[in-house]
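# Close look at the chain arrangement
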Amino acid sequence: FDKQKVLSIVVTLKFECVLIDSIWAHRDSPQVVERILAVLAALAGHCYEYAHCISSVQGSLSAIVSVMMANANNNNLQYQACKCLSRLSRHKDLQASIGSAGGIYAIVDAMRSHPQDVDIQVHSISALEDLVRIDYNAKMIYLSGGIPVVERAGNIYPEFCKKPAIKIVRMTNKANCSANRRKGGPLLRIINCCSSLTASFQNNLFHQKNIHVRCQSEQ
């Protein structure tokens, strides 16, 4: 089949909304979610217009992040999700939204949980290389313990990850130099607390959405 034509049909008929709703509905079926993420990754990588169609669906980024957190040990699902976020992260106007949706934590956790999966490492570090341009995202990389994870990827896969790892660490340290000097201070504690609450909220939201979908189906 013509892949480009299929993607065009998906966007024209606004099936991206259906795909996002399906992530919520099939949270307990990782294989189904994995296939949905693969389609979203293909859309995100096609062009800016298609990537924007995904991000404009309410709850789309939260759905991707939440399903990653709920299936941390599923490397196939993590791979598709990281690939999708990596492709979305290429667009400057989406970078802040990905970070505020908890994307940094999800990406760093995927790297930490799957150090031997080169595809996850490459897509994740590519995403972080783009996302670190936003100061908030750089702080989240630091607070999520991302620096040692990124450095490890650079050492294990130098051909693919060394240069972006150096850039990520440099920009993260630059953005956090003042926070590091005030380590343990009230501002850093507030940022850390808010970030943890964001990640917890994403996971709780996913559970609530899943319960809502199940109730509807039972009716």
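Up top is the structure these notes are about.
A brief structural summary. In this numbering scheme, every chain counts its residues from 1 along its sequence in written order. Selection of residues for local features in this predicted model requires a pLDDT of at least 70, selection of side-chain atom pairs for listing and counting requires 80 or more, and totals for whole chains, interfaces and linings are taken over all residues. Heavy atoms from the whole structure form the basis of all side-chain values; hydrogens and water molecules are not counted.

### Here we look at the overall build of the protein
Along its length, the protein carries 13 helices and zero strands. Where helices and strands are cited, they refer to DSSP runs of H or I of at least four residues and of E of at least two residues respectively, numbered from the N terminus. Put simply, the protein runs from its N terminus to its C terminus through helices and strands in the order α-α-α-α-α-α-α-α-α-α-α-α-α. The cut-offs for exposure are 20% and 50% of the maximum accessible area for each residue type, with area from a 1.4 Å probe on protein chains only; residues under the lower value are buried, those over the upper are exposed, and the others partly exposed. Burial status across the protein gives 46% buried among its 219 residues. Here a residue-residue contact requires only that any non-hydrogen atoms of the pair lie within 4.5 Å. Across the protein, every contact between residues at least 6 apart in sequence was considered, and the portion connecting residues at least 24 apart equals 75%. Residue burial considers only the protein chains on display, and all accessible areas are found by Shrake-Rupley using a 1.4 Å probe. Approximately 10,900 Å² of the protein is accessible, and the part contributed by carbon and sulfur atoms is 54%.

### Some points on the environment of Met111
By the element assignment, Met111 lies in helix α8 (residues 103-113). Other than its neighbours up to four places away in sequence, Met111 contacts Ile120, Gln121, Ser124, Ile125, Leu128, Val149, Val150, Arg152 and Ala153.

### Quick look at the pattern of salt bridges
Basic side-chain nitrogens of Lys or Arg form a salt bridge, by our definition, when they fall within 4 Å of a carboxyl oxygen of Asp or Glu. Summed over all chains, the structure comprises four salt bridges. Where Arg27 meets Asp28, a salt bridge forms, and the shortest distance between an N and an O atom there is 3.4 Å. Judged by relative accessible area, which is 12%, Arg27 ranks as buried. Two residues, Arg112 and Asp109, come together in a salt bridge whose shortest N-O distance is 3.7 Å. One end of the pair is Arg112 and the other is Asp109, both in helix α8 and three residues apart, which spans about a single turn. With relative accessibility at 35%, the residue Arg112 sits in the partly exposed group. The exposure class assigned to Asp109 is partly exposed, which follows from its relative accessible area of 29%.

### Some details on the environment of Cys177
Within the secondary structure, Cys177 is located in helix α12 (residues 158-181). Taking the relative accessible area as the measure of exposure, Cys177 reaches 36% and is therefore partly exposed.

### Here we look at helix α4 (residues 48-55)
For an α-helix, the turn length of 3.6 residues means that residues three or four places apart are oriented alike. Listing the buried residues of α4 in full gives Tyr50, Ala51, Cys53 and Ile54. Down the axis, α4 shows its buried residues gathered within 155 degrees of arc, on one side only. This arc corresponds to the set of directions leading from the helix axis out to the C-beta atoms.

### Here's the deal with helix α5 (residues 60-70)
Of all the 11 residues making up α5, nine are buried; the element is thus mostly covered by neighbouring parts of the structure. Within the span of α5, buried status applies to Ser60, Leu61, Ser62, Ala63, Ile64, Val65, Ser66, Val67 and Met68.

### Comments concerning the side chain of Asn71
Topologically, Asn71 is positioned in the loop between α5 and α6 (75-88). For Asn71, a relative accessible area of 12% corresponds to the buried category. Apart from residues no more than four positions distant in its own chain, Asn71 is found in contact with Arg27, Pro30, Leu77 and Gln78.

### Here we look at the packing of α6 against helix α9 (residues 118-131)
A fitted line through C-alpha atoms serves as each axis, taken over the contacting stretch for helices, and the angle formed by two N-to-C directions is quoted from 0 to 180°. Close contact between α6 and α9 brings their axes to 8 Å; oriented N to C, the two are set at 30 degrees. The orientation of α6 with respect to α9, classified from their angle, is roughly parallel. Viewed along their axes, α6 and α9 form a crossing whose handedness is left-handed. Residue-level contacts link Asn75, Gln78, Tyr79, Cys82, Lys83, Leu85 and Ser86 of α6 to Asp119, Ile120, His123, Ser124, Ser126, Ala127 and Asp130 of α9. Angles below 35 degrees are treated as roughly parallel, those above 145 as roughly antiparallel, those between 65 and 115 as roughly perpendicular, and all remaining angles as oblique. We call a crossing left-handed when the near helix sits turned anticlockwise from the far one by less than a right angle, and right-handed when that turn is clockwise.

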